[in-house]
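A look at the structure
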Amino acid sequence: MTRISLTVNGESHEAEVEPRTLLVYFLREQLGLKGTNVGCDTSSCGACTVLVDGESVKSCNQLAVQADGCEVTTIEGLAGGGGLHPVQQAFHEKHALQCGYCTPGFVMASVSLLTENPNPSEEEIRQALEGNLCRCTGYHNIVEAVQAAARAGA
């Protein structure tokens, strides 16, 4: 067992983990943060995307011990002050989801993109989100949501 210390959604956590524990399972099973979904376990789908020190990371491809000393933000940590984060709001308003399974990963990847590039083109949005897969939508509304969030200053 290895002891780790990290901040998740603004709260400090210390835990003992098996060195091979993936970050996604640590978040879901030890911290109870079920918004980070397990889709493929191969980093192909992006359903497990979180922010680690502000960077978009597929948590099924990172060990929990690699997040030691880091700040992790999950979908549960975005909303604040009783309202949705602007990206979450845009996804809602633009109907950028169907079943919703992939939505947390798309939202987190979009937040990362808009932090790095506050005014991305459609092509830049599509390139930034190409590591996230959705089996329900045609991506059109997802791109529109990211554009709306950018206009809202997300």
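Everything numeric here is computed off the predicted structure, so don't read it as measured data.

Calculation notes
- Residues numbered from 1 in each chain as written.
- Predicted model: local features only at pLDDT ≥ 70, side-chain atom pairs only at ≥ 80, totals over all residues.
- Heavy atoms only, no water.
- Domains from an automatic or database assignment.
- Contact = heavy atoms within 4.5 Å.
- Buried area = accessible area lost by both parts, 1.4 Å probe.
- Salt bridge = Lys/Arg side-chain N within 4 Å of Asp/Glu carboxyl O.
- Polar contact = N/O pair within 3.5 Å; in protein donor to acceptor, adjacent residues only side chain to side chain.
- Helix = DSSP H or I, 4+ residues; strand = E, 2+ residues; numbered from the N terminus.
- Nonpolar A, V, L, I, M, F, W, Y, C, P; charged D, E, K, R; others polar.

Let's shift gears to the domain arrangement of the protein. The accessible area lost on association of the parts is a frequent measure of interface size. Split into domains, the protein comes out as domain 1 (2-77) and domain 2 (86-151). Domain 1 puts 18 residues into the contact, and the matching count from domain 2 is 13 residues. For the pair domain 1 and domain 2, the two sides together bury roughly 1,200 Å², of which 55% comes from carbon and sulfur. Counting across the interface, domain 1 meets domain 2 through 0 salt bridges. Here domain 1 and domain 2 share 6 residue pairs in polar contact (both at pLDDT 80 or more) between them. Among the secondary structure elements, those contributing two or more residues to the side of domain 1 that touches domain 2 are β3 (49-52) and β4 (55-58). Taken together, the residues that form the side of domain 1 that touches domain 2 break down as 6 nonpolar, 10 polar and 2 charged.

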